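As a plain string of letters, each chain reads:
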Amino acid sequence: MNIFGIAIGVTGLALILVFLWMLTLSMRRKRLEQEKQEREAAYRKALETDKKKEHQERVSKAEGGDISTILFLAKEAERRNLKEALHWYTKAAELDNVTGMYGVVRVSTRIHQDAVVKEKSRFWQLRINAAEGSVQAKYEVGLCYFKGRGTTKDIAKGVDFIKQAAKENYITALIYLGDWFSSAQNPQKNFQDAIAWYKQAAQLKSNQGRIKLGKSYISGMGTPPNHSLGVYWLERAAEKGDAQAMYLAGEAWINKGSSGNSIAYIWLFISAYFGYENAKSLRDEVGAEIGVDTIVGLQTFAKPMVKKIEEKTVSKHAIIKVLNKLYKRNVPLQEGGSYNASDANADSMEHEEEQQDVPFTEIGVAEDTASKEQPPTSEGGKLDFSSTPIDKEQ
């Protein structure tokens, strides 16, 4: 009995010891696991801290303008946060990086296309096109900077881009710069610069450039007033069929000397024929000053001009030469030269010479028979504009 009890006691004790041993092992295992988890957590925390520190360093470097870092952050963000990617690509693009520009356009197509994003995408596509050499894109980029469309408003950058287009003889850019440098909204307006841009456009055969240059000479904007040179450029555009130029040329001749109203009526009559509404009322006002009989003669005189202009067969300076000869005008046949009225009867229209050494003067037209009832015409009673080769410019 005692042996049996002892055996039971020993067995129980052994079981208790085994339980305690297993409990100890379990606790030790848990402790080790916990320690492992703590070490891993500490390691992850250290990695995250290092990663955050590294990211902050990259952000700081990127904010400082380092292109490679900016593009790295943009590429990383493109996988997880498109708005952040757009931010970094935009920053690279603003530093004139073409990869950044492409990134803005690409990411913009993947996010919600609100009006702001669309404008930004369009702007950077224009910048890409400009970087690849498109003259029109350079001009349009300049307009975007002027108006803050798709980008931050920056007048200086706008002027720079439009000048780039103008230097490649993009006429719209030349006209815009002329308008800008003569604008009251420009705090640094410069009339001399304005007239230089208009002159370049006019020399590239732009009717709009001719009109603006002519008006500048007549008004004395950026240059001493010069009526004869001003009407020259207006009449050059008028010869090419520009109805507004015809109207302005007519307006410029009103009350200019004894024959001014006759010349004015001719241009206003032609302008009205080509549909320029303002010309009709002004034509009638001038007509009231010169009388019905003279009007009939002037209309007969102007109709061959209308036909030639309509058919686009007016040779260079043909109408200007005719008016110079008939009205003894001093209108130059090109910038830097003037028509010598005293030689009008000596030279044929085909071989009329431009007097390069005669300075421009204000028009003082003498009374001639054109202001009477029947205006003079060329031989045979008909006006001939075809004596010189047809001007090929458009």
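Treat the numbers as computed from the prediction; the structure is a model and nothing was measured. (Residues numbered from 1 in each chain as written. Predicted model: local features only at pLDDT ≥ 70, side-chain atom pairs only at ≥ 80, totals over all residues. Heavy atoms only, no water.)

Trainee: Mind laying out the overall build of the chain, listing which residues take part and the relevant values?
Mentor: Helix and strand counts for the chain stand at 16 helices and zero strands. Scored against the burial criterion, the 394 residues of the chain give a buried share of 42%. The contacts in the chain between residues at least 6 apart in sequence include a share of 53% that link residues at least 24 apart. When the accessible area of the chain is evaluated, it comes to approximately 21500 Å², of which 53% is carbon and sulfur surface. (Helix = DSSP H or I, 4+ residues; strand = E, 2+ residues; numbered from the N terminus. Buried < 20%, exposed > 50% of the residue type's maximum accessible area, 1.4 Å probe, protein only. Contact = heavy atoms within 4.5 Å. Areas by Shrake-Rupley, 256 points an atom, 1.4 Å probe, with all protein chains shown as cover.)

Trainee: I'd like a rundown of the packing of helix α1 (residues 2-63) against helix α2 (residues 67-78), residues and numbers included.
Mentor: The interhelical angle for the contact between α1 and α2, taken along N-to-C directions, is 125 degrees, at an axis separation of 8 Å. When the interaxial angle is binned, α1 and α2 end up oblique. Note that α1 runs across α2; the crossing there is left-handed. Two secondary-structure elements touch here, α1 through H55, R58, V59, K61 and A62 and α2 through T69, I70, F72 and L73. Of the residues in the contact of α1 with α2, the class split is five nonpolar, two polar and two charged. (Axes fitted to C-alpha atoms, helices over the stretch in contact; angles between N-to-C directions. Parallel < 35°, antiparallel > 145°, perpendicular 65-115°, else oblique. Left-handed = near helix turned anticlockwise from the far one by under 90°. Nonpolar A, V, L, I, M, F, W, Y, C, P; charged D, E, K, R; others polar.)

Trainee: Tell me about the nonpolar core, residues and numbers included.
Mentor: The tendency in soluble globular proteins is for nonpolar side chains to be buried side by side. Counting residues in hydrophobic clusters, the biggest one holds 68 residues, and the most contacted among them are I266, W267, I270, F301, L323 and Y327. Among the elements that take part in this core, helix α13 (residues 260-273) stands out by supplying nine residues, more than any other. Setting aside chain neighbours within four positions, we find L323 in contact with E235, I266, W267, F301, M305, K328 and R329. (Core = buried A, V, L, I, M, F, W, Y, C linked by side-chain atoms within 4.5 Å.)

Trainee: Provide a residue-level description of the packing of aromatic side chains, including the pertinent values.
Mentor: Taken as a whole, this structure holds eleven aromatic pairs when the rule is applied. Of the aromatic side chains, those joined through ring pairs into one cluster are Y139, F146, Y170, Y176 and W180. (Phe/Tyr/Trp six-rings, centres within 6.5 Å; stacked < 30°, edge-to-face > 60°.)

Trainee: Account for the pattern of salt bridges, naming residues and giving values.
Mentor: As enumerated under the stated definition, the model contains 15 salt bridges in all. The residue E235 makes a salt bridge to R329 at a minimum N-O spacing of 2.8 Å. Here E235 is found in helix α11 (residues 227-239), whereas its partner R329 is found in the segment after α16 (318-327), with 94 residues between them in sequence. With respect to burial, E235 and R329 carry one shared label: buried. With a closest N to O distance of 3.1 Å, D284 and R283 form a salt bridge. (Salt bridge = Lys/Arg side-chain N within 4 Å of Asp/Glu carboxyl O.)

Trainee: Break down the confidence of the model for the chain for me, with residues and values.
Mentor: Taken residue by residue, the chain gives an average pLDDT of 83. The fraction at 70 or more is 85%. Overall, residues 336-394 carries pLDDT values under 50, and its contacts beyond four positions in sequence, including any with other chains, amount to 133 contacts. (pLDDT = per-residue confidence, 0-100.)

Trainee: Requested: an account of helix α8 (residues 171-181), with residues and values cited.
Mentor: The periodicity of an α-helix, 3.6 residues per turn, causes residues three or four places apart in sequence to face the same way. Of all the residues in α8, the buried ones are A173, L174, I175, L177, G178, W180 and F181. Taken together, the buried residues of α8 touch α6 (135-147), α7 (155-167), α9 (191-203) and α10 (207-219).

Trainee: Now, about the packing of α7 against α8: what can you tell me, with residues and values included?
Mentor: In contact at an axis separation of 8 Å, α7 and α8 are set at 140 degrees when each is read in the N-to-C sense. By the angle between their directions, the pair α7 and α8 is classed as oblique. Here the hand of the crossing between α7 and α8 comes out left-handed. Counted together, I155, V159, I162, K163, A165 and A166 of α7 and A173, L174, Y176, L177, W180 and F181 of α8 form the full contact between these two elements. Looking at the contact of α7 with α8 residue by residue, the class counts come to eleven nonpolar, no polar and one charged.

Trainee: Residue-level account of unusual backbone geometry, with values.
Mentor: Although it is not a glycine, D96 sits at a positive phi angle of roughly 65 degrees. With respect to the helices, strands and loops of the structure, D96 is situated in the loop between α3 (82-94) and α4 (98-108). The backbone of N255 sits at a positive phi, close to 60 degrees, despite the residue not being glycine. Of note, N255 is situated in the loop between α12 (243-253) and α13. On the basis of relative accessible area, N255 is assigned to the exposed category, the value being 60%.

Trainee: Describe the environment of L82, and please don't skip the residues or the numbers.
Mentor: The topology assignment puts L82 in helix α3. Put simply, L82 and S108 are 26 residues apart on the chain and 8.6 Å apart in space, counted from C-alpha to C-alpha. L82 has contacts with A77, V107, R110 and I111, leaving out every residue within four places of it along the chain.

Trainee: Go over the side chain of S108 with me, naming the residues and quoting the values.
Mentor: Following the sequence through the fold, S108 ends up in helix α4. S108 gets classed as buried once you look at its relative accessible area, which sits at 0%. What S108 contacts, discounting residues up to four positions off in sequence, is L86, Q113, V117 and S121.

Trainee: So what's going on with α16? Which residues, and what values?
Mentor: The buried fraction of α16 is high, at nine of ten residues. Buried positions along α16 lie against α11, α13 and α15 (292-310). One or two steps after α16, the chain reaches K328, where phi turns positive at roughly 50 degrees.

Trainee: Any details on the environment of L229? Residues and values, ideally.
Mentor: Tracing the backbone shows L229 in helix α11. Between the C-alpha atom of L229 and that of P332, which follows or precedes it by 103 residues, the distance is 6.4 Å.

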